[in-house]
Amino acid sequence: MRSPLFSGMIYIMLGVVFTFFAVQQVKLNEWGFIVYLLIILATFDFGAGFRLIFLHFRLKNEQRK
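Residues numbered from 1 in each chain as written. Predicted model: local features only at pLDDT ≥ 70, side-chain atom pairs only at ≥ 80, totals over all residues. Heavy atoms only, no water.

(A) Seen up close, the overall build of the chain. On a plain count of helices and strands, the chain comes out with two helices and zero strands. Its C-alpha atoms give the chain a radius of gyration of 15 Å, more than 25% over the compact-globule value 11 Å for 65 residues. Viewed in the frame of its principal axes, the chain has a C-alpha envelope of about 55 × 15 × 15 Å. Per-residue burial over the chain gives 22% buried out of 65 residues. (Helix = DSSP H or I, 4+ residues; strand = E, 2+ residues; numbered from the N terminus. Rg over C-alpha atoms; globule rule 2.2 N^0.38 Å. Buried < 20%, exposed > 50% of the residue type's maximum accessible area, 1.4 Å probe, protein only.)

Okay, structure coming up:
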């Protein structure tokens, strides 16, 4: 089983990739459906990534007690 920290970092990296593709798409073809889809995917990935990273630190803090 992967740690929440590792999974969170993977989600953050995916969010960065989707954001990069969205910016490139806007530069090439203006705003369209694909750009909005990429932004939504990046938002979900960033949210899940930060949530998993905070979960990792919360679990680590509980183990110390």
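(B) View of the packing of helix H1 (residues 4-29) against helix H2 (residues 33-64). The N-to-C vectors of H1 and H2 enclose an angle of 160°; their axes lie 7 Å apart at closest approach. What the angle tells us is that H1 and H2 run roughly antiparallel. Considering only the axes of H1 and H2, their crossing is left-handed. (Axes fitted to C-alpha atoms, helices over the stretch in contact; angles between N-to-C directions. Parallel < 35°, antiparallel > 145°, perpendicular 65-115°, else oblique. Left-handed = near helix turned anticlockwise from the far one by under 90°.)

(C) Spatial organisation of H2. An ideal rise of 1.5 Å per residue puts 46 Å on 32 residues; H2 measures up with 47 Å between its terminal C-alpha atoms. Where H2 is concerned, the buried positions are Val35, Leu38, Ala42, Asp45, Ala48, Gly49, Ile53 and His56. (Expected span 1.5 Å × (residues − 1).)

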